[in-house]
Amino acid sequence: LDGSFPPVFLKSNFTLPGDSGELRAYDGNWLGRPARIVEMEGFFQEDILEEQLEAIEEQLEGLESHPRGLLVEALLKLRKSPGSDTGTGLMQTIIAMRVKELHEARRASLER
């Protein structure tokens, strides 16, 4: 493991079902270093939340090591948490999934 954070990419910019938000990806910089920025503008709609989350999961690349539907399941469990109706909860959940993946890989390398 080289210690770098595993990237997650957005296949293309898109508008959420129901037109309540948009996910975008673009090149920028973070702390003076080149970075690929993924952001969400807007909010989730409670009545079509699962459909919106499934659309997001379909557009993300880099979560392939996790079972399909895990992101949707995790976010549905957190649907009443602060930030769960915006991109905040989405980004926190994606990061948590990637950190878990790093932890599991590190643990497996130490067990060899």
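Everything numeric in this text was worked out from a predicted model, so none of it was measured. (Residues numbered from 1 in each chain as written. Predicted model: local features only at pLDDT ≥ 70, side-chain atom pairs only at ≥ 80, totals over all residues. Heavy atoms only, no water.)

Participant: Got a minute to help me understand the overall build of the protein in this structure?
Facilitator: A tally of regular secondary structure across the protein gives three helices and five strands. Counted from the first residue to the last, the protein has its helices and strands arranged as β-β-β-β-α-β-α-α. A principal-axis box enclosing the C-alpha atoms of the protein has dimensions of 50 × 35 × 25 Å. Burial status across the protein gives 30% buried among its 112 residues. Residue pairs at least 24 apart in sequence account for 54% of intrachain contacts in the protein once pairs closer than 6 positions are excluded. Approximately 7400 Å² of the protein is accessible, and the part contributed by carbon and sulfur atoms is 52%. The protein carries 13 positive and 20 negative side-chain charges, and their two centres are separated by 8 Å. (Helix = DSSP H or I, 4+ residues; strand = E, 2+ residues; numbered from the N terminus. Buried < 20%, exposed > 50% of the residue type's maximum accessible area, 1.4 Å probe, protein only. Contact = heavy atoms within 4.5 Å. Areas by Shrake-Rupley, 256 points an atom, 1.4 Å probe, with all protein chains shown as cover. Lys, Arg positive; Asp, Glu negative; His and termini not counted. Charge placed at Lys NZ, Arg CZ, Asp CG, Glu CD.)

Participant: Can you help me understand the layout of surface pockets in this one?
Facilitator: Rolled over the atoms, a probe with the dimensions of a water molecule shows which regions are left empty. Estimates place the volume of the largest pocket at around 780 Å³. Lining the largest pocket we find 18 residues, and of these Phe5, Pro7, Val8, Ala35 and Arg36 sit closest to its centre. (1 Å grid on protein atoms, 1.4 Å probe; cavity = no way out; pocket = protein on both sides within 12 Å on 5 of 7 lines; lining within 4 Å. Points joined across faces, edges and corners; volume = space filled by probe spheres on them.)

Participant: Sorry, what's going on with the pattern of salt bridges here?
Facilitator: Close approach of charged atoms lets side chains of opposite charge pair. If you walk through the whole model with that rule in mind, you get 12 salt bridges. We note a salt bridge from glutamate 57 to arginine 68, for which the minimum N-O separation is 4.0 Å. Taken together, the residues span a long stretch of sequence, with glutamate 57 in helix H1 (residues 49-59) and arginine 68 in the loop between strand E5 (60-61) and helix H2 (70-77) at a distance of 11 residues. With a relative accessible area of 61%, arginine 68 lands in the exposed category. Among the charged side chains, a network of salt bridges with common partners joins Lys11, Glu57, Glu58 and Arg68. (Salt bridge = Lys/Arg side-chain N within 4 Å of Asp/Glu carboxyl O.)

Participant: Which parts of the structure should I look at to understand H1?
Facilitator: It helps to recall that an α-helix has 3.6 residues per turn; residues three or four apart then point in one direction. Every buried residue belonging to H1 is among Leu49, Gln52, Leu53, Ile56, Glu57 and Gln59, and all of these are buried. Buried residues in H1, looked at end-on, bunch into an arc of 165°, giving them a common side. The inward-facing, buried residues of H1 abut strand E1 (9-10), strand E2 (14-15), strand E3 (21-30), E5, H2 and helix H3 (87-111). (Arc of directions from axis to C-beta.)

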